[in-house]
Amino acid sequence: MTTKQKSFFKGALILTIAGVLGRMLGALYRIPFNRIVGEEGAALYGLSYSLYSLLFALSTAGIPLAVSKMVAVYEERGEHGESVRLLKAAFMMLAAIGIVEALFVFTQADWIARTVFNEPAAALSLRTLSFGLPFIALSSVLSGYFTACGRIWKPSLVHLLEQLICVGLVVFFLSRAPEGDIERSCAAVARGVTASDMLSLCMMLAFYLGDRRRYAQRGGGSVRLTSRMFGVALPLAVSAYAR
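In this text the structure is predicted, and so the values were computed from the model without any measurement.

**Observations concerning the environment of Leu 169**
- With respect to the secondary-structure elements, Leu 169 resides in helix α8 (residues 153-175).
- Sequence-wise, Leu 169 and Val 193 are 24 residues apart; in three dimensions their C-alpha atoms are separated by 7.8 Å.
- Leave out the neighbours within four places in its chain, and Leu 169 touches Gly 192, Ala 195, Ser 196 and Leu 199.

**Some thoughts on helix α6 (residues 123-130)**
- The element α6 is largely enclosed, with a buried count of six among its eight residues.
- The complete set of buried residues in α6 reads Ala 123, Ser 125, Leu 126, Thr 128, Leu 129 and Ser 130.

**Here's the deal with the packing of helix α2 (residues 30-60) against helix α4 (residues 80-107)**
- Contact pair α2 / α4: the axes reach a minimum separation of 10 Å and the direction vectors enclose 155 degrees. In this view, α2 runs roughly antiparallel relative to α4, as classed from their interaxial angle. As for how α2 packs across α4, the hand of that crossing is right-handed. Facing α2, whose interface residues are Leu 55, Ser 59 and Thr 60, α4 presents Leu 94, Ile 97, Glu 101 and Val 105.
- Of the residues contributing to the contact of α2 with α4, the split by class is four nonpolar, two polar and one charged.

Calculation rules
- Residues numbered from 1 in each chain as written.
- Predicted model: local features only at pLDDT ≥ 70, side-chain atom pairs only at ≥ 80, totals over all residues.
- Heavy atoms only, no water.
- Helix = DSSP H or I, 4+ residues; strand = E, 2+ residues; numbered from the N terminus.
- Contact = heavy atoms within 4.5 Å.
- Buried < 20%, exposed > 50% of the residue type's maximum accessible area, 1.4 Å probe, protein only.
- Axes fitted to C-alpha atoms, helices over the stretch in contact; angles between N-to-C directions.
- Parallel < 35°, antiparallel > 145°, perpendicular 65-115°, else oblique.
- Left-handed = near helix turned anticlockwise from the far one by under 90°.
- Nonpolar A, V, L, I, M, F, W, Y, C, P; charged D, E, K, R; others polar.

Following this line, the structure appears as structure tokens:
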């Protein structure tokens, strides 16, 4: 087995283990949450989180995977500067998309809850979750970057720590929500999820800054890189939307 094959299987094993542990940890906060709010509260929060998940999928479909594919090519060629420039272009692009989405959800939360969900009580959770949209989108770009660079343990570790932090924060905020107030209990869960998304990006950035000095910033212009990234990302995004 070649070194490249060993690296691939090692990365796949790390991703599998991290994914299983992450799902297990992610399910922990649902136990106290379901006990406190019951089926009605779980359904209410599910409405808000479904829109959050949809907007995240729409904003990131194609771009993080395109970054991962292109960075892998650049790293194999030894063009580290190109990898960094591509990452910066994708970072700015998804930051803009995430901010626009967050502003839309935050300002239109009442309308969405009342008209789309037919559940006005979902507005508070929507507003709270909207703050996390830019952060989770940017984390996905850095995750794709580290994966392509062969340092897959970094996003895997961050994902596990994020889930642990999320469980602790959700339990903390739930314990301080007014008893019997389903709307505020759902918002408490949303605060925990949003805060863990923010901390996840901080951890990703810390890892990236620790690596930055190893790469020389040389190579082509950002315009050329951005257009090339779009050429890779667009078919991937269309495929994701079709599914």
